[in-house]
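Descriptive structure summary
Listed below are the residues making up each chain.
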Amino acid sequence: MRARPGDRIVIRGRTVETPDRHGEIIEVRGENGEPPYRVRFGEGHESVVYPGSDFVIEHAETV
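If you're wondering where the values come from, they're calculated on a predicted model, not measured in any experiment. (Residues numbered from 1 in each chain as written. Predicted model: local features only at pLDDT ≥ 70, side-chain atom pairs only at ≥ 80, totals over all residues. Heavy atoms only, no water.)

Quick look at the sheet that holds strand S2 (residues 21-28) now. Where strands meet in a sheet, backbone hydrogen bonds hold them as pairs that are either parallel or antiparallel. Strand order in the open sheet formed by five strands is S4-S3-S2-S1-S5, with antiparallel pairing between adjacent strands. Two strands bound the open sheet, and with one partner strand each, they are strand S4 (46-49) and strand S5 (55-58). For this sheet, the mean inter-axis angle between neighbouring strands, taken without regard to orientation, is 35°. Pairing between strand S1 (residues 8-11) and S5: four bridges, direction antiparallel. Bridging from a neighbouring strand, Val-10 pairs with Val-56 of S5. (Pairing = 2+ DSSP bridges. Helix = DSSP H or I, 4+ residues; strand = E, 2+ residues; numbered from the N terminus. Axes fitted to C-alpha atoms, helices over the stretch in contact; angles between N-to-C directions.)

Printed below as a string of structure tokens:
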């Protein structure tokens with residue numbers, strides 16, 4: 001799994017009652033785009049994230 005700053009992430013809710021979480025990767029701490037990632041979530045919270053099977057990266061469009 002490779003990412004770069006500006007890519008978006010979606011962490012799927014684990015249960016029907018749990019909503020998906022959306023955020024933006026603001027820092028890649030691993031080598032060559034590998035995890036861990038520093039992510040800013042929609043509510044402004046920042047966290048270091050190690051992706052699991054419920055994690056999807058949406059790559060930012062390159063101009």
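Quick look at the nonpolar core now. Counting residues in hydrophobic clusters, the biggest one holds ten residues: Ala-3, Ile-9, Ile-11, Ile-25, Tyr-37, Val-39, Phe-41, Val-49, Phe-55 and Ile-57. In terms of residue count, strand S3 (residues 37-41) provides more of this core than any other element does, three residues in total. Setting aside anything within four residues of it in sequence, one finds Phe-55 in contact with Met-1, Ile-9, Val-10, Ile-11, Tyr-37 and Val-49. (Core = buried A, V, L, I, M, F, W, Y, C linked by side-chain atoms within 4.5 Å. Buried < 20%, exposed > 50% of the residue type's maximum accessible area, 1.4 Å probe, protein only. Contact = heavy atoms within 4.5 Å.)

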